[in-house]
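Here's the letter readout for the chains.
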Amino acid sequence: MSRPLCVMLVAAEASGDDRGAGLMAALKRRLGPDGVRFVGIGGARMAEEGLVSPFDIAELSILGLLEGLLAYPKVVRRADETAALAAREKPDVAILIDSWGFTLRVAQRLKAQQPDLPLVKYVGPQVWASRPGRAATLARSVDHLLSIHAFDAPYFEKEGLPVTFVGNSALSVDFSGADPGRLRKRLGIGAEADILLVLPGSRPSEIARVLPPFGEGVRILKAERPDLEVVIPAAPTVAAMVKDQVAGWPDKVHVVEGEEAKLDAMKAATVALACSGTVTTELALAGVPMVVGYRLGPVTYAILKRLIRTPYVTLFNIAAQDFVAPELIQDDCNGPRIAREIAARLDAPSARQQQVRAQYEALDKMGRGGPDPSEAAALAVLKVVGAEP
């Protein structure tokens, strides 16, 4: 085409921001920097690739039924603003990344407003785990799905939605430039000191619910192991909130920001304590044994417990059909239990090695070592709009 391809991307959470940035970079590699321009909603990573977002996506990082109800007016307003942005910019395609509640509302508005605009959903709802009716809802709302799981397609294709499996971008995180020694030097941590990596999530609601029991676990561990170093890579969406909370902890911890520091920390870690989410796949890829913790609001948890059809919440545990990494959910996510599970791994190098091997085997089942998902997603998008280079 004679003008640059105009691509609208909409991401409302840190993991979506990462995927969006990877897709933007891949599109620029295929079309050249002058062959594509980007508009839409995103975070810091997408900003680095050239996207100017009209608002901070941190306010849309919502999880839980009560939180969703309270935030509904804001979500509707931001969805309206996103649709208005599309009306002004006239994109050639819109790519809606993860974040089911927000991106669904955006899709519905875009379909009503610009019926001929191709709508691509990047990451579908996990209908194989719960709420299978969402497959039909998505099929009515978008034109194509980019799937990160090989087993997604049948659930959506039977509803008439074309699916392209592109793979999970978390499986292709490049650790080749990560330098654990750089992190230790920067933070003044000795070469032999054990490092506990704490990753409390990227949503404000996760920080509010998960970081307190994580902090209690850290307090217990530090009382028993004063030489244990604790590093917290803070997602940009919640960095200020994390710093505010840990400032009140009795023991010093290191809060780091930025992608380089996060990857360095993952390669330096002895063991990790992680909020359930994309980061668990990244940690497994880095070869870090971990304990996974999560808490929801009590009403949300009571409802979801009846809807979820799998006993696992961590993707590589689902792939392995086993608790390769222990999952401490809801009331089990408490300080003493966290400290006990982390201590068991700190005290047993052989157990850490065994867990890392099992994590790698599960990642292989998920597609580790396959084609670059961002490149596959870029090619799929270009096919949708008929603009293959």
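Criteria and thresholds
- Residues numbered from 1 in each chain as written.
- Predicted model: local features only at pLDDT ≥ 70, side-chain atom pairs only at ≥ 80, totals over all residues.
- Heavy atoms only, no water.
- Disulfide = S-S within 2.5 Å.
- 1 Å grid on protein atoms, 1.4 Å probe; cavity = no way out; pocket = protein on both sides within 12 Å on 5 of 7 lines; lining within 4 Å.
- Points joined across faces, edges and corners; volume = space filled by probe spheres on them.
- Helix = DSSP H or I, 4+ residues; strand = E, 2+ residues; numbered from the N terminus.
- Nonpolar A, V, L, I, M, F, W, Y, C, P; charged D, E, K, R; others polar.
- Buried < 20%, exposed > 50% of the residue type's maximum accessible area, 1.4 Å probe, protein only.
- Lys, Arg positive; Asp, Glu negative; His and termini not counted.
- Salt bridge = Lys/Arg side-chain N within 4 Å of Asp/Glu carboxyl O.
- Polar contact = N/O pair within 3.5 Å; in protein donor to acceptor, adjacent residues only side chain to side chain.
- Contact = heavy atoms within 4.5 Å.
- Core = buried A, V, L, I, M, F, W, Y, C linked by side-chain atoms within 4.5 Å.
- Axes fitted to C-alpha atoms, helices over the stretch in contact; angles between N-to-C directions.
- Parallel < 35°, antiparallel > 145°, perpendicular 65-115°, else oblique.
- Left-handed = near helix turned anticlockwise from the far one by under 90°.

Novice: Could you give me a rundown of the state of the cysteines, with the residues and numbers involved?
Specialist: On inspection of all chains with the given rule, the structure shows zero disulfides. Cys275 supplies the cysteine sulfur nearest to Cys333, a cysteine that is in no disulfide, at a spacing of 8.3 Å.

Novice: For the layout of surface pockets, give the residues involved together with the corresponding values.
Specialist: Empty space among the atoms can be located by rolling a probe the size of a water molecule over them. Computed from the structure, the second largest pocket encloses a volume of approximately 420 Å³. Lining the second largest pocket are 19 residues, with Arg45, Ser169, Ser172, Val173 and Asp174 positioned closest to its centre. In terms of residues, the lining of the second largest pocket owes the most to one element, helix H1 (residues 14-31), which gives six residues. Within the lining of the second largest pocket, the residues separate by chemical class into four nonpolar, six polar and nine charged.

Novice: How would you summarise the side chain of Asp152 if you had to cite specific residues and measurements?
Specialist: Note on placement: Asp152 falls in the loop between strand S5 (144-147) and helix H6 (153-157). At 9.5 Å, Arg19 is the nearest oppositely charged side chain to Asp152, a buried residue that forms no salt bridge. Separated by 2.9 Å, the side chains of Asp152 and Trp128 make a polar contact. A polar contact is formed between the side chain of Asp152 and the side chain of Ser147, at a distance of 3.0 Å. For Asp152, the residues in contact, after removing those within four places along its chain, are Trp128 and Ser147.

Novice: Before we move on, can you summarise the nonpolar core with the specific residues and values?
Specialist: Ranked by internal contacts, the top residues of the largest apolar core, which has 39 residues, are Leu197, Leu283 and Phe316. If you list the elements that add at least two residues to this core, you get helix H7 (180-187), strand S7 (195-199), helix H10 (259-268), strand S10 (271-275), helix H11 (278-286), strand S11 (290-294), helix H13 (315-320) and helix H15 (349-366). Residues in contact with Phe316, not counting those within four places in the same chain, are Thr280, Ala284, Met290, Val324, Ala325, Gln359, Ala362, Leu363 and Met366.

Novice: Quick one: what's the story with the side chain of Asn317, residue by residue and with numbers?
Specialist: Take Asn317: it is sitting in helix H13. For Asn317, the contacting residues outside a window of four places in its chain are Tyr312, Asp322, Phe323, Val324, Ala325 and Glu327.

Novice: Give a detailed account of the packing of helix H8 (residues 204-224) against helix H14 (residues 335-346), specifying residues and quantitative values.
Specialist: One way to put it is that H8 packs onto H14 with a least axis distance of 7 Å and a crossing angle of 55°. Taken together, H8 and H14 sit at an angle that is classed as oblique. The element H8 and its partner H14 pack so that their crossing is right-handed. On H14, the residues touching Pro213, Phe214, Glu216, Gly217, Ile220 and Leu221 of H8 are Gly335, Pro336, Ile338, Ala339, Ile342 and Ala343. Class assignment for the residues of the contact of H8 with H14 results in nine nonpolar, two polar and one charged.

Novice: Any chance you could break down empty space enclosed by the protein for me, citing the residues and the numbers?
Specialist: The tally for this structure, following the rule as stated, stands at one cavity of 30 Å³ or more. Considered as a void within the structure, the largest cavity measures approximately 30 Å³ in volume. Around the largest cavity sit His149, Phe151, Leu315, Ala319 and Met366, which together line it. Broken down by class, the residue content of the lining of the largest cavity amounts to four nonpolar, one polar and no charged.

Novice: I'd love a proper account of the pattern of salt bridges, names of residues and values included.
Specialist: Inspection of the entire model under this criterion finds 24 salt bridges. The salt bridge involving Arg45 is made with Asp18; its shortest N-O contact spans 2.8 Å. Of this pair, Arg45 sits in helix H2 (residues 44-48) while Asp18 is found in helix H1, placing the two residues 27 residues apart along the sequence. For Arg337, the salt bridge is made with Asp332, and the minimal N-O distance between the two is 3.7 Å. Asp332 sits in the partly exposed class, given a relative accessible area of 37%. Here the residues in one salt-bridge network are Asp18, Arg45, Glu48, Glu259, Lys262 and Glu282, joined through shared partners.

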